[in-house]
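Next come the chains, spelled out residue by residue.
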Amino acid sequence: MDLWFSEYHTEGVRFSIKVNKQLYSGHSDFQQIDVFQSREFGRFLTLDGFMMLTERDEFIYHDMIVHVPMAVNPDIRKVLVIGAGDGGAVRELSRYDYIEKIDLVEIDELVVEVSKKYLPTTACAFYDERLEIFFQDGLKFIRKCHNCYDLIVVDSTDPFGPGEDLFTKEFYGNCFKALTENGIMVNQHESPFYKNDANAMQRAHKRIAETFPISKVYQAHIPTYPSGHWLFGFASKNLHPTNDLNPAKWNSLGIDTKYYNTQLHYGCFALPTYVEEMLRDVENEKD
Amino acid sequence: MTKMSLNQSRAPIKEALEEFTLRRVVPFDVPGHKRGRANAELTDFLGKSCMNIDVNSMKPLDNLCHPVSVIAEAEKLAAAAFNAAHAFFMVGGTTSSVQAMILAATKRGDKLILPRNVHRSVINALVLNGAVPVYVNSKVNKTLGISLGMSLEDVKRAIAENPDAKAVLVNNPTYYGVCSDLKAICKLAHENNMLVLADEAHGTHFYFGENLPISAMEAGVDMSSVSMHKSGGSLTQSSFLLINKGMNEGYIRQVINLTQTTSASYLLMSSLDISRKNLALHGKEIFKKATELAEYARWEINLIGDYYAYSREIINGDTIFDFDVTKLPVNTLEIGLAGIEVYDLLRDDYDIQVEFGDIGNILAYISVGDRERDLERLVGALSEIRRLHKRGRAGMLTQEYIDPIVEMSPQEAFYAPKLSLPLSETVGKISSEFVMCYPPGIPILAPGERITADIVEYIRYAKEKGCFMMGAEDEEIERLNVIT
């Protein structure tokens, strides 16, 4: 059998994984959901044909979207996660004993059900007692929150589908309003490399920088995402992502990670020149 | 509701075009793009299927100037769907429908009773044929700053004072969704031997949805202009002119042909045909969904605070006899921002385009094409605009009804010898041109009207708030043409 999953990273670039077996295929009110089994990457989840995570490399993404803000502010107690129906971000958050509450807002209930059934490695923390799941539109949920979260994790899909709302100025503005005084928002920030991803990346940065006094971008290397070079956004009201980091304090927590460490924390905010330029271009842009 | 007859699942113009395309006829006629082969860029941009049906009138495809086959059939189906005696396919926008009905109902010197908040196309028609407007004060709701429908008493008075008037024109509904008591106005006008004309540019859905205001044909209106391209979903610029029993179809066709193109676009006509089919078959569900979306957004917007997304609660039995719940007008004055300012913020900062903003309101146009998550964006953005931009209400002007002083017919004034004066020096003079904010395109000043200090003040304020002003020869409206 020669069965392959392929995703077009651009019209002329294709990324393929040899598939042993398709474990699930279904359509929700919002999107097409598929889970495959492969030898190289283990199980992987796709939404509308776009790679969301593989068992093999998801640790990179989830380490970086959770531990970076958690290390900057050790006083985070209330967390809101938007998107992330696969449970990976919640799994990493649940490792902090002192977090009191985790609210997960996912628009698509079926993604959570499928993850629970087929992706036990990421969905293992759905039973954490501190977790409450809301199946609704993220923008709608956040609109009603005021000064109530210390951390918001925006684990969205690409801005060309149901995740579109989560890349808008109105969304970022509502996040700002929902955060406490030392609040931090981190978001999946697309990639700087291919044109369409880079446009989305720049638009997101522009809107975040217009909304938050501190808006920085950091990077990670994720083999199954387009170009492998992926960015995250760090936005906050007061805390600086590297100046305010206290490495000893985070290291004393004894949280085992495969990708994140406090040295890497400093390094990941150092970006390639062309990426710095792209970010600067939109920061200086006037409407 | 209408009893539709004939087979509404047919679309005769579309079917004829499909058949015609299959015959692969070699074109030695216009249009010169020859099914798009003449210009690859154009064909790439619009698509091959679009270019293929951009063809000339010919025997198998009928001719809009004198329909005898497929267009005639399509018009019959449309008439049945709208419960009209006849439906004319129109390709010059609803402007052409409005003008045709006025040109058919009045002639030089005739009086037409109408509310002030008419679309510019109405007064343009009077410039064309020399009929004279008799304005009924369309009252203003002071809190909302919107002009309303006509009060029945005011219409009665206008008819009594002008028994020689030929027709009464009614907006059904206004841009904001407000309806007058159309049935009672029809009865009153008909008892006085006047025709009733309806501008239903914003009322296509009344013919198909449930629990919506009464449609013109059902109320007994003689002629109505229906913007299929708005809530009906056909292509921009396509429209219907509906007539009721007792109207002379042949004469109205002659009037239409005075100004209508002889090269009517089959893109527009087929879009009318296909959209009529869609509404006839699925209109009920389509407008049920649109209503639900509008009601949901209204509820959420009212929860934000300060904004007022109004609905049926403003009905007062007269000047707001009914309200179209598919519309989503939102009053912004309590935020301390003019509607036009919120309109600009939505577009510039949030990439959200709403239909229009005026002095005190914005209007979001909701249709079945909208998705819940898009409405969330609108609500989310309005909530952000309030958080970031709310300020005191001081200095906010609301729209006032400025009673027009008609000194001569629009036609006389438009063609009279004129002089250009700076805006501030025009007070007391008679205007020879229009001034309006667009949208909504309702005149502040029309040819033949006396300019007052209030009008000049209003123009200044609207300009300052960023309203897109048009109609006058001087695009900046620093100067106005007045009659010498």
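Rules used in this analysis
- Residues numbered from 1 in each chain as written.
- Chains lettered and ligands numbered in written order.
- Predicted model: local features only at pLDDT ≥ 70, side-chain atom pairs only at ≥ 80, totals over all residues.
- Helix = DSSP H or I, 4+ residues; strand = E, 2+ residues; numbered from the N terminus.
- Rg over C-alpha atoms; globule rule 2.2 N^0.38 Å.
- Buried ≥ 20, exposed ≤ 12 C-beta atoms within 10 Å, placed from the backbone.
- Contact = placed C-beta atoms within 7 Å.
- Pairing = 2+ DSSP bridges.
- Axes fitted to C-alpha atoms, helices over the stretch in contact; angles between N-to-C directions.
- Domains from an automatic or database assignment.
- Nonpolar A, V, L, I, M, F, W, Y, C, P; charged D, E, K, R; others polar.
- Core = buried A, V, L, I, M, F, W, Y, C linked by C-beta atoms within 7 Å.
- Parallel < 35°, antiparallel > 145°, perpendicular 65-115°, else oblique.
- Expected span 1.5 Å × (residues − 1).
- Left-handed = near helix turned anticlockwise from the far one by under 90°.
- Arc of directions from axis to C-beta.

This brings us to the overall build of chain B. In terms of regular secondary structure, chain B is built from 15 helices and 20 strands. Radius of gyration (C-alpha) of chain B: 23 Å, near the 23 Å computed for a compact globule of 484 residues. With the C-alpha coordinates of chain B rotated into their principal frame, the extents come out at 70 × 55 × 45 Å. When the 484 residues of chain B are sorted by exposure, 53% land in the buried category. Sequence separation of at least 24 residues holds for 71% of the intrachain contacts in chain B that already meet a minimum separation of 6.

Looking only at helices and strands, one finds ten helices and twelve strands in chain A. Whereas a compact globule of 287 residues would reach a radius of gyration of roughly 19 Å, chain A reaches 18 Å, a difference of no more than 12%. Taking all 287 residues of chain A together, 47% fall into the buried category.

Here we take up the sheet that holds strand β8 (residues 131–134) of chain A. Residues and elements named next belong to chain A. Spatially, β8-β7-β6-β9-β10-β12-β11 is the arrangement adopted by the seven strands of the open sheet, whose pairing is mixed. Because the sheet does not close on itself, it has two edges, and the strands there are β8 and β11 (214–221). Neighbour to neighbour, the strand axes of the sheet diverge by 15° on average, direction disregarded.

Further remarks concern the sheet that holds strand β17 (residues 435–437) of chain B. All names here are of chain B. With antiparallel pairing, three strands are arranged side by side in an open sheet as β18-β17-β19. With partners counted over all chains shown, the strands left at the sheet margins are β18 (442–445) and β19 (469–470), one partner each. Summarising the sheet, β17 and β18 pair through three bridges and their orientation is antiparallel. Residue pairing for β18: V435 is matched across the bridge by L445. Sheet strands touched by helix α15 (residues 453–464): β17, β18 and β19. Its angle to β18, the strand with the most contacts, is close to 125°.

Let us now look at the domain arrangement of chain A. Residue and element names in this part refer to chain A. By domain assignment, chain A separates into domain 1 (4–53) and domain 2 (58–284). Each of domain 1 and domain 2 was reduced to a C-alpha centroid, and the two centroids are 23 Å apart. Opposite the 19 residues of domain 1 that make contact, domain 2 presents 22 residues. Of all the secondary structure elements, the ones that give two or more residues to the side of domain 1 that touches domain 2 are β1 (4–10), β2 (13–27), β3 (32–38), β4 (42–47) and β5 (50–54). With four residues, the single largest contributor to the side of domain 1 that touches domain 2 is β5. Its residues placed into classes, the side of domain 1 that touches domain 2 shows twelve nonpolar, five polar and two charged.

Now for the domain arrangement of chain B. Residues and elements named next belong to chain B. Segmenting chain B into domains produces domain 1 (12–280) and domain 2 (410–483). Placing a centre on the C-alpha atoms of domain 1 and another on those of domain 2 gives a separation of 28 Å. Of the residues lining the interface, ten residues belong to domain 1; the matching set on domain 2 comes to twelve residues. Examining the composition of the side of domain 1 that touches domain 2, we find that four residues originate from one element, helix α6 (residues 120–129), more than from any other. When its residues are assigned to classes, the side of domain 1 that touches domain 2 shows six nonpolar, three polar and one charged.

What follows deals with the nonpolar core. One finds B:V196, B:L197 and B:F240 to be the most contacted residues of the largest nonpolar core, which totals 152 residues. Excluding residues within four positions of it along the chain, B:F240 makes contact with B:A78, B:F82, B:A87, B:F88, B:F89, B:M90, B:S97, B:V226 and B:M228. Residues A:F36, A:A84, A:I184 and A:F232 belong to the second largest nonpolar core, which totals 74 residues.

Residue-level contacts link 14 residues of chain A with twelve residues of chain B. When contributions to the side of chain A that touches chain B are tallied by element, the ones reaching two or more residues are α5 (138–143) and α6 (169–178) of chain A. Top contributing element to the side of chain A that touches chain B by residue count: α6(A), with six residues. Class assignment of the residues belonging to the side of chain A that touches chain B gives a composition of three nonpolar, three polar and eight charged.

Time to look at the pairing of strand β10 (residues 239–243) of chain B. Residue and element names in this part refer to chain B. Counted residue by residue, β10 has five buried out of five residues, so it is predominantly covered. The alternating pattern of β10 places S239, L241 and I243 on one face and F240 and L242 on the opposite face, and all of these are buried. With five bridges connecting them, strand β1 (residues 86–90) and β10 associate as antiparallel partners. Along β10, the bridge assignment pairs F88 with L241.

Moving on, we come to the packing of helix α1 (residues 12–22) of chain B against helix α4 (residues 70–81) of chain B. Residues and elements named next belong to chain B. One can describe the packing of α1 onto α4 by two numbers: an axis separation of 8 Å at closest approach and a directional angle of 150°. Relative to α4, the element α1 lies roughly antiparallel. Taking contact as the criterion, the partners of P12, I13 and A16 in α1 are, on α4, V70, I71, E73 and A74. Its residues assigned to classes, the contact of α1 with α4 shows six nonpolar, no polar and one charged.

Moving on to α4(B). Residues and elements named next belong to chain B. Between the first and last C-alpha of α4 there are 16 Å, a value that for twelve residues agrees with the 16 Å anticipated at 1.5 Å per step. Among the twelve residues of α4, nine are classified as buried, and the element is accordingly described as predominantly covered. Of the positions making up α4, those classed as buried are V70, I71, E73, A74, E75, L77, A78, A79 and A81. In this structure, the buried residues of α4 make contact with α1, β1, β10 and α11 (266–304). Directly beyond the C-terminal end of α4, a positive phi value near 60° is found at N83.

Our focus in this paragraph is unusual backbone geometry. Residues and elements named next belong to chain B. Residue P31 follows V30 across a cis peptide bond; omega there is 0°. Along the chain, P31 turns up in the loop between α1 and α2 (40–46). In the segment running from N172 into P173, the intervening peptide bond is cis, with an omega of -5°. Looking at the element boundaries, P173 is found in the loop between β6 (167–171) and β7 (178–179). Unlike most non-glycine residues, N83 shows phi in positive territory, near 60°. For N83, the location among the structural elements is in the loop between α4 and β1. Judged by the 19 C-beta atoms lying within 10 Å of it, N83 falls in the partly exposed class.

This next bit is on the packing of α6(A) against helix α7 (residues 195–211) of chain A. Residues and elements named next belong to chain A. With their axes 9 Å apart at the nearest point, α6 and α7 run at an angle of 35° to one another. You can see that α6 and α7 cross each other, and the crossing is right-handed. Mapping the contact onto sequence places K169, Y172, G173 and F176 in α6 and R207, I208, E210 and T211 in α7. Tallied by class, residues from the contact of α6 with α7 come to three nonpolar, two polar and three charged.

This next bit is on the environment of B:A74. Inspection of the secondary structure assignment puts B:A74 in helix α4. The contacts of B:A74, once residues within four sequence positions are left out, are B:P12, B:I13, B:F89 and B:D273.

Moving on, we come to α15(B). Residues and elements named next belong to chain B. Taking 1.5 Å per residue, twelve residues should reach 16 Å; α15 reaches 17 Å between its end C-alpha atoms and fits that length. Of all the residues in α15, the buried ones are I455, Y458, I459 and A462. One face of α15 carries all of its buried residues, which in axial projection span an arc of 100°. Looking at α15, the residues exposed on the side facing more than 90 degrees away from the buried face are A453 and E464. Elements that come into contact with the buried residues of α15 comprise β17, β18 and β19. Of the residues trailing α15, G466 is marked for its positive phi of about 95°.

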